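So you can see what is in the structure, the chains are spelled out below.
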Amino acid sequence: ANHRSLIELFREASNEYNSEVKARMMTSKKKQEEANNDGKKTIEFSKLPRLFRLNGTSDDTFFIHAGLAQRKDSFAMRIQEGNTSDNAKDYQLAVTKCTVLERTRWKGDRGQATDDDALKISRVKLELLTGRRHQLRCHMLVAGSPIVGDVTYSKEEHLSSVVCPRMCLHAHRLVLPDCSVDVTAPDPFDELLATPGTGS
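Everything numeric in this text was worked out from a predicted model, so none of it was measured. (Residues numbered from 1 in each chain as written. Predicted model: local features only at pLDDT ≥ 70, side-chain atom pairs only at ≥ 80, totals over all residues. Heavy atoms only, no water.)

What to know about helix α3 (residues 135-142)
Here is step 1 of the chain: Within α3, seven of the eight residues are buried, which leaves the element mostly enclosed by the surrounding structure.
Here is step 2 of the chain: Of all the positions in α3, only Q135, L136, R137, C138, H139, M140 and V142 are classed as buried.
Here is step 3 of the chain: Where α3 terminates, the next one or two residues include G144, which has phi positive at roughly 85°. (Buried < 20%, exposed > 50% of the residue type's maximum accessible area, 1.4 Å probe, protein only. Helix = DSSP H or I, 4+ residues; strand = E, 2+ residues; numbered from the N terminus.)

Structure (structure tokens):
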């Protein structure tokens, strides 16, 4: 993820939330799943801010809450701007857990950027609490740190100076309990970041 004031954004996002809020979040998620099964789209979820933390989690862990809706004749999803956004009934609940694993600077896959153009980046672990189309890509944009190489949702003009061979989003683990499937894939970014263009 692009590191644009990542830590500052997290710390300014919201106050600490206690275990009661966490319980409400999980209850709302369960209700949302039940509503989806009934063909309904919306559940009251307005008390959660767009970015928030929970008590008991580290400073590097936070949650992103922003509803998503399919846009007609558009590849990109529509992101709910607030709790009273346009056509609120069209938005579906979307919540993501994000943990920052590493912070560094990157000059591109061949080290082609200058020191001034080197991109501040973070390697993050994203966990879906809901499953919406483009959810991780949209939510990193909401957090102010779009995924490096995501040309659909990134608005950072300077990304063109740091050539990335791919969108830096990778599925690390896939679990299908009903099928007894639990697959883990190696992290491809270890090799990508192990270039002359990487430094602290």
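Points about the pairing of strand β3 (residues 61-65)
Here is step 1 of the chain: Across the five residues of β3, five count as buried, placing the element largely inside the fold.
Here is step 2 of the chain: Neither face of β3 is exposed, since T61, F63 and H65 on one face and F62 and I64 on the opposite face are all buried.
Here is step 3 of the chain: Here two bridges tie strand β2 (residues 51-54) to β3, and the two strands are oriented antiparallel to one another. Each bridged residue has a counterpart across the sheet, and for L51 the counterpart in β3 is I64. (Pairing = 2+ DSSP bridges.)

Topic: the environment of A143
Here is step 1 of the chain: Along the chain, A143 turns up in the loop between α3 and β8 (173-176).
Here is step 2 of the chain: The exposure class assigned to A143 is buried, which follows from its relative accessible area of 1%.
Here is step 3 of the chain: Placed 79 residues apart in sequence, A143 and I64 show a C-alpha to C-alpha distance of 7.2 Å.

Here we look at the nonpolar core
Here is step 1 of the chain: Core analysis: the biggest nonpolar cluster contains 22 residues, and F62, I64, L68, I79, C138 and V148 have the highest contact counts within it.
Here is step 2 of the chain: Sorting the residues of this core by element identifies β3, β6 (95-106), β7 (119-128) and α3 as the ones contributing at least two each.
Here is step 3 of the chain: When residues in this core are grouped by element, the largest group, three residues, is from α3.
Here is step 4 of the chain: By size, the runner-up hydrophobic cluster in this structure holds seven residues, among which are L48, F63, L93 and L129. (Core = buried A, V, L, I, M, F, W, Y, C linked by side-chain atoms within 4.5 Å.)

A closer look at the environment of T61
Here is step 1 of the chain: Tracing the sequence through the fold places T61 in strand β3.
Here is step 2 of the chain: For T61, a relative accessible area of 7% corresponds to the buried category.
Here is step 3 of the chain: Between the C-alpha atom of T61 and that of K97, which follows or precedes it by 36 residues, the distance is 7.3 Å.
Here is step 4 of the chain: Of note is the side chain of T61, whose polar atom sits 3.1 Å from the side chain of T99. (Polar contact = N/O pair within 3.5 Å; in protein donor to acceptor, adjacent residues only side chain to side chain.)

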